[in-house]
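So you can see what is in the structure, the chains are spelled out below.
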Amino acid sequence: ILGSSRVRENMKDTLAYCREYADAFDSRSGDSLLFVGKTGLGKTHLSSAIAQRVLEKGFSVVYDSAQNLLAAFERDRFSQSEKKLSDKYFTCDLLIIDDLGTEIKGATSLSYFYTLINSRLVDSKSVIISTNLSPDALRRQYEDRVISRLFNEYEVFLFEGNDVRELRK
């Protein structure tokens, strides 16, 4: 019971922080969030709620899965077009990357991902990333230069508890 009380308090604090983040969103702040936790704990739902509020305030939001994002970079790589599919990921006010860790791994995809998150940091552009991977699993899967940026430049929120989809059954 003590554990569930701690989990509930943690989630209340996370929700309060994210409400303030969305309400005070400014395209020049560059504040970024990392949501870490198992499936079904509300990471995507909270990201969507933030996106909705930021859109209501008149800012641009791009919300995509890590898999789709990296596929766009790969299509750009072989495209003859001047207009790149990946441009939107660099120029939007808020980029939300869902399900980090589900994308196909490789040196090229890691390079694309690093370039994107580093460019947005340098340009003070906000990012929200959600992942089902634990912090240790993230460290095993991504290079130190990526991990350093995620855990030192982003506000990290751990989502704990039971899958809400399971609880509804």
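Rules and cut-offs
Residues numbered from 1 in each chain as written. Predicted model: local features only at pLDDT ≥ 70, side-chain atom pairs only at ≥ 80, totals over all residues. Heavy atoms only, no water. pLDDT = per-residue confidence, 0-100. Helix = DSSP H or I, 4+ residues; strand = E, 2+ residues; numbered from the N terminus. Salt bridge = Lys/Arg side-chain N within 4 Å of Asp/Glu carboxyl O. Buried < 20%, exposed > 50% of the residue type's maximum accessible area, 1.4 Å probe, protein only. Phe/Tyr/Trp six-rings, centres within 6.5 Å; stacked < 30°, edge-to-face > 60°. Lys NZ or Arg CZ within 6 Å of the ring centre and 35° of its normal. Pairing = 2+ DSSP bridges.

Quick look at the confidence of the model for the chain now. Averaged over every residue, the pLDDT of the chain is 92; the share at 70 or more is 95%. Here helix α8 (residues 164-168) stands out as the least confident element of the chain, with mean pLDDT 64; strand β4 (residues 126-131) is the most confident, with 98.

Moving on, we come to the pattern of salt bridges. Scanning all chains against the criterion turns up seven salt bridges. One salt bridge connects Arg77 with Glu74, and the closest N-O pair in it is separated by 3.1 Å. With a gap of three residues between them, Arg77 and Glu74 both fall in helix α3 (residues 66-78), about one helical turn apart. A relative accessible area of 28% means that Glu74 is categorised as partly exposed.

This part covers the packing of aromatic side chains. Across all of its chains, the model carries nine aromatic pairs by this definition. Look at Phe113 and Tyr142: their rings are 5.9 Å apart centre to centre, the planes differ by 45°, and that puts the pair in the tilted class. Of the two residues, Phe113 is situated in helix α5 (residues 107-122) and Tyr142 in the loop between α6 (135-141) and α7 (144-153); the sequence distance between them amounts to 29 residues. Considered together, Phe113 and Tyr142 belong to a single accessibility category, that of buried residues. Taken together, the aromatic side chains of Tyr17, Phe35, Phe157 and Phe159 make up a single cluster linked through ring pairs. Over the ring of Phe151 we find Arg139; its NZ or CZ atom is 4.6 Å from the centre of that ring. Directly above the aromatic system of Tyr114 lies the positively charged group of Arg145, at a separation of 3.9 Å from the ring centroid.

Glancing now at the pairing of strand β3 (residues 94-100). Here β3 lies mainly inside the structure; six of its seven residues are buried. Pairing geometry for strand β2 (residues 61-65) and β3, over five bridges, is parallel. Paired with Val61 across the bridge in β3 is Leu94. Sheet topology places β3 next to β4; five bridges connect them, and they run parallel.

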